[in-house]
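# Understanding the architecture of this molecule
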Amino acid sequence: MIMKNRSKFEKYLRLNGVTKRRFSEITGLKGQSINKYIDNPTLLRLSHLKLLSESDEGKYHNINEIELLNEISKC
């Protein structure tokens, strides 16, 4: 699968088993907001990061809020 047009954050999510659909289910975001937040993850609220870290995927991959913040800062 070619991922060159995707944001670094989206690549990170995909590598940890989180699709856009699952991202929406976890965070409660809908429609264009999904793309907006994935393309610019600095807009995510701490509550979104907490939900991501507490999700099944987050627990499985041992992702916490700090790791998510570090990944976002690389984008």
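Residues numbered from 1 in each chain as written. Predicted model: local features only at pLDDT ≥ 70, side-chain atom pairs only at ≥ 80, totals over all residues. Heavy atoms only, no water.

### Focus: the overall build of the protein
We count it as follows: Where helices and strands are cited, they refer to DSSP runs of H or I of at least four residues and of E of at least two residues respectively, numbered from the N terminus. Remark: exposure states derive from per-residue accessible area (1.4 Å probe, protein chains only) relative to the maximum for the residue type, with buried under 20%, exposed over 50%, and partly exposed in between. It only takes one pair of heavy atoms within 4.5 Å for two residues to be counted as in contact.
Looking only at helices and strands, the protein features 6 helices and 0 strands. Counting from the amino terminus, the protein carries its helices and strands in the arrangement α-α-α-α-α-α. With the C-alpha coordinates aligned to their principal axes, the bounding extent of the protein is approximately 25 × 20 × 20 Å. Within the protein, buried positions represent 37% of all 75 residues. When contacts within the protein are restricted to residue pairs at least 6 apart in sequence, those whose partners lie at least 24 apart make up 49%.

### Quick notes on the side chain of S53
We count it as follows: By the criterion applied in these results, polar contacts are pairs of N or O atoms within 3.5 Å in which, for protein atoms, one can donate a hydrogen and the other can accept it, and in which residues neighboring in sequence qualify only through two side-chain atoms.
As for its position among the elements, S53 is in helix α4 (residues 46-54). A polar atom in the side chain of S53 sits 2.9 Å from the backbone oxygen of K50. When neighbours within four sequence positions are excluded, S53 is seen to be in contact with G58, K59, I63, N64, E65 and L68.

### Some thoughts on unusual backbone geometry
With the exception of glycine, the majority of residues adopt a negative phi angle, and the majority of peptide bonds are in the trans configuration. Of note in the backbone geometry, N62 takes a positive phi value of approximately 55° without being a glycine. Note on N62: relative accessible area 62%, which makes it exposed.

### Topic: the packing of α4 against helix α6 (residues 65-74)
To keep things clear, this is the line we draw: Note on method: axes are straight lines fitted to C-alpha atoms, helices fitted across the in-contact stretch only, with angles between N-to-C directions ranging 0 to 180 degrees. Note: crossing handedness is left-handed where the near helix turns anticlockwise from the far helix by less than a right angle, and right-handed where it turns clockwise. Note on residue categories: nonpolar means Ala, Val, Leu, Ile, Met, Phe, Trp, Tyr, Cys or Pro, charged means Asp, Glu, Lys or Arg, and polar means any other residue, Gly included.
One can describe the packing of α4 onto α6 by two numbers: an axis separation of 9 Å at closest approach and a directional angle of 115°. Between α4 and α6 lies a crossing of right-handed hand. Residues L49, K50, L52 and S53 of α4 touch α6, and the partners they reach there are E65, L68, L69 and I72. Of the residues assigned to the contact of α4 with α6, the class counts are 5 nonpolar, 1 polar and 2 charged.

### Brief notes about a nonpolar patch on the surface
Where we set the bar: Within the patch definition used here, like charges are joined within 9 Å and nonpolar side chains (Val, Leu, Ile, Met, Phe, Trp, Tyr) within 5 Å, considering only residues with over 30% relative accessible area and no salt bridge. The Shrake-Rupley method, run with a 1.4 Å probe sphere, supplies the accessible areas, and residue values consider only the shown protein chains as cover. The salt bridge criterion pairs a side-chain nitrogen of Lys or Arg with a carboxyl oxygen of Asp or Glu, the two atoms within 4 Å.
Taken together, the side chains of L46, I66 and L69 make up a nonpolar region of the molecular surface, amounting to roughly 310 Å² of accessible area. With respect to the element layout, L46 can be found in helix α4. A relative accessible area of 63% places L46 in the exposed class.

### Description of the confidence of the model for the protein
Just so we agree on the cut-off: What pLDDT expresses is the predictor's confidence in each residue, scored from 0 to 100.
Looking at the protein, pLDDT values average 89 and 93% of them are 70 or higher. Least confident of the elements in the protein is α6, whose mean pLDDT is 88; most confident is helix α2 (residues 20-27), at 95.

### A few points about the nonpolar core
Basically, it comes down to this: Only buried Ala, Val, Leu, Ile, Met, Phe, Trp, Tyr and Cys residues count toward a nonpolar core, and they belong to the same one when joined by side-chain atoms within 4.5 Å.
The biggest cluster of nonpolar side chains holds 16 residues, and the ones touching the most others in it are F9, L13, F23, L44 and L68. For this core, the elements supplying multiple residues, two or more each, are α1 (8-15), α2, α3 (32-39), α4 and α6. If sequence neighbours within four positions are ignored, L13 has contacts with V18, F23 and I38.

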